[in-house]
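# Remarks on the overall topology
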Amino acid sequence: MNERMLVGRSVPRREDPRLLSGRGRFVDDIALPGMLHAQFVRSTVAHAEIASVDLSAVCEVPGVVAAFTADDLELGDIVAQLGRPLSEFVPTAMPVLARDKVRFVGEPIAVVVARDAYAAEDGLEAAKVSYTTLPPVTSEEAALAPGAPLLHAEAAHNTLLDLSLFATEGIDEIFESAPCVVEVDTRTGRQNALPLETRGVVAHWDDREDQLVLRTCTQIPHQVRTVASRCLRLDERAVRVVVPDMGGGFGQKCVVGREEIAAAAAALRLRRPVKWIEDRKDALSASFLAREQHYRSRAAFDAEGRILALDADVVCDMGAYSCYPFTAGIEPLMASAEMPGVYKVPAYRVRGRAVTTNKAPTAPYRGVSRPQYVMVVERLFERAARELGLDPVEIRRRNVITDFPYTGVNNITYDPGSYLESLNLCEQLVREEGWYDKQRAAAAEGRHIGIGYSCFSERTGYGSAAFAQRKMRVVPGFDISEVRMDTSGAVTFTTGTMNHGQSHETTMAQIVADQLDLDIAKVRIHQGDTDRITYGWGTFASRSITIGGSAVRLAAAKLGDKLRAIAAARWGVAPEEVELADGAARRRDAPTYQEDVLTYEEIADIAYLQAHLLPKDIEPGLSVTATFDVFGDGTFANATHGCVVELHEGTGQVEILRYVCVEDCGVAINPQVVEGQCRGGIAQGIAGALFEQVTYDDQGEPSATGFMDYKVPTAHEIPDVLIHHLQTPSAFTETGAKGVGEGGTIGAPAAVLNAVNDGLRSTGIELDQTPVTPETVHRALNRALNLELSS
């Protein structure tokens, strides 16, 4: 590696001094003159027609300024759509404030605006809402049952999407003749993405700009602008979305929320700034949730353990509404399209359904169905290994893709990766630490140690073509970057991605600094302002470096070309004879005299202050723009995770003794940042595997309204993680990077669940549902113990 290059180095995070010293600026830090505070009257029942809403007493509460219903604000609905026939997908409208019907506990019905947040809360208690209750639908089975109450009249059988993307001809015959057929029935619990900073907005009308300004914590500022302008019936130019520092998102903030738009509507009506900050109770119970999925799956294998066919029925409980812009189809479509993953599956059939229930709606959460379908496939391989008497790692070796590019039965072409190498190295690292020996020793003592693995790939380069295959009406994909240099030689660049903890201020600056051979201290990023950023799709699906970083690199390279062109014109040589080094343009192979060097400041002076010296074919200024899109199937990161657990008989506690991650995200722009992403993702994956779940009673009341009920792991439960990097550079991105943001979460649930089941191997009991609770493990261990004693 070039000693001057920053890409590939663990450059200290430039965000840290500001954030760690308390100088960050988040939505709740914003205070504007005359600012009011909003809170929402929310439904107390899961399913009902609204008979009446009486807010007459609300405005009599001291400090309350106004209260509005849907009829008062006359807002348009939020409608997420796919370009599919109604037989496959049913679009449904999500009103900003519920009008005629409520569909989950916590749904916003009215907004109360007061001089402070406490008065707004007091105002909520004076609101009177009368309901005509309807039977709640609180599970997948209840939603699909004959004669079930319909949440949306247009959605028969409470089904928003029902689609069979793949069905290999003759697959039934393969299962009938296969030497080994295994089945699993898996369920994953409903979760909350739980960003440290809850949702919030400060909205105000700017008279000078004739604009409604929303300062909000969102991963997708341009999509918020689009929806807000349409719901408020404003020109899009008249809405500006600005994102300050953001304390996490994990997907929960990559959809457009209702409360932000309602608060903006109140600010527009009152012509005063309005702030809304979601409290933790609402964040846990009424914000966008995720993950509740059910897979009925089977796989056929030959006698040597090679997979012959995969068949799956996927049902995703999407809650009450489709999220914008991805729709309720995002989870079943993701699972259906990509389930074969890292394995050579010759025959495949899948049915994917999204059902609607009386629960808070779901949004994408770190991994988006991949933690679930990876768990399914990995459980199938574990079960097949047991049936065939094979080592669980060996059966994977016989099936992982090794020849690239590889076009799968799902019509996806996988670019080169290190699937087998990561599997072998992960097992090697676990063996070298002696865990297999420790497992045998523990068994002799009556203790239960289990070792589990998971192998997976993650498509991280979703371009427009990939999203278009889902037939999204709003098709994300490309990114745009502008890079400009001022007269001091400093550089500012824009990206349409949105940082919420991924270190964009550092990693993307590394890319720009390398392209221009410029001190990174002279490089600055602009994000999250719809008036300053041409357009952007935001941050999700590990796209920031793959898509956004590629656009940034292309734009920086174009600026470098212009710097060379200006210097070449000044010297009367071809641009190819000019190189950029150490913040200056230099003539190649020329003696190092002062006249053979032009600093960036000197070139900028010519471009801006002495434009008459420029040739006619070079425009004044130093500002360039570039776009980037990944065409085709994009690029795939991959990893293998290994997990060692001990199951404690007395309590059923699952203690993670060791966790190993061998990952390949292509070129690691900043290895320290990559490791942080891996560790954070693994922590969230472990949380889903062992701890976190939102449940509902038979009336649709959510169980988790505080951290006493919603179990979140602490640093005590999350182990140290050994991370080993492999690098297979991508040919499909400008940086060679493949993306890493979601991988940790994708692999962890399967690795943990396989380790737990390995620890239970002597009991004959297997678990296929997450979260795995101490009660479940305790029952399994004690059932085996009681059977042993009775025999």
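First things first, this report covers the structure right here in the doc. (Residues numbered from 1 in each chain as written. Predicted model: local features only at pLDDT ≥ 70, side-chain atom pairs only at ≥ 80, totals over all residues. Heavy atoms only, no water.)

## Things to note about the side chain of Ser422
For clarity, the cut-off: Under the DSSP-based scheme used, a helix requires at least four consecutive residues in state H or I and a strand at least two consecutive residues in state E, with every element numbered from the N terminus. Burial status follows relative accessibility: with a 1.4 Å probe on protein chains alone, a residue under 20% of its type maximum counts as buried, one over 50% as exposed, and anything between as partly exposed. Whether two residues touch is decided by their heavy atoms; if any such pair falls within 4.5 Å, the residues are in contact.
Take Ser422: it is sitting in helix H12 (residues 419–432). Since its relative accessible area comes to 1%, Ser422 is described here as buried. Once you skip the residues sitting within four places of it in the chain, Ser422 turns out to touch Asn638, Ala639, Thr640, Val662 and Leu726.

## Looking at the sheet that holds strand S6 (residues 101–102)
Convention followed: What makes two strands pair is DSSP finding at least two bridges between them.
On the basis of which strands lie adjacent, the open sheet formed by three strands has the order S6-S2-S8 and antiparallel pairing. Two strands in the sheet have a free side with no partner beyond their single neighbour: S6 and strand S8 (128–133). Pairing of strand S2 (residues 48–54) with S8, which is carried by six bridges, proceeds in the antiparallel orientation. If you follow Asp54 over to S8, its bridge partner there is Lys128.

## Here's the deal with the packing of aromatic side chains
Counted only if it meets this: When two rings of Phe, Tyr or Trp (its six-membered ring) have centres within 6.5 Å they constitute a pair, described as stacked for plane angles under 30 degrees, edge-to-face for angles over 60, and tilted for the intermediate range.
If you walk through the whole model with that rule in mind, you get twelve aromatic pairs. With a centroid separation of 5.1 Å and 85° between ring planes, the pair formed by Phe404 and Tyr419 is classed as edge-to-face. Taken together, the residues span a long stretch of sequence, with Phe404 in the loop between helix H11 (392–397) and strand S18 (406–407) and Tyr419 in helix H12 at a distance of 15 residues. A relative accessible area of 2% places Tyr419 in the buried class. Seen in terms of ring centroids, Phe467 and Phe540 are 6.2 Å apart; in terms of plane orientation they differ by 70°. Their pairing is edge-to-face. Separated by 73 residues along the polypeptide, Phe467 in helix H14 (residues 464–468) and Phe540 in the loop between strand S23 (523–526) and helix H16 (543–571) bring together distant segments of the chain.

## Considerations on the sheet that holds strand S31 (residues 769–770)
Spatially, S9-S17-S16-S15-S10-S31 is the arrangement adopted by the six strands of the open sheet, whose pairing is mixed. Strands at the two margins of the open sheet, each flanked by one partner only, are strand S9 (159–167) and S31. Direction of pairing for strand S16 (residues 307–317) relative to strand S17 (residues 348–355): parallel, over a ladder of eight bridges. By the bridge assignment, Val314 is partnered in S17 with Gly352.

## Here we look at the environment of Glu259
In plain terms, the rule: Any N or O atom pair separated by 3.5 Å or less is treated as a polar contact, with the protein-specific requirement of one donor-capable and one acceptor-capable atom, and with residues adjacent in sequence counted only for side-chain atom pairs.
One can find Glu259 in helix H7 (residues 258–270). Glu259 sits 152 residues away from Glu107 along the chain, and the two C-alpha atoms are 9.9 Å apart. Looking at Glu259, its side chain comes within polar contact range of the side chain of Arg199, at 3.1 Å.

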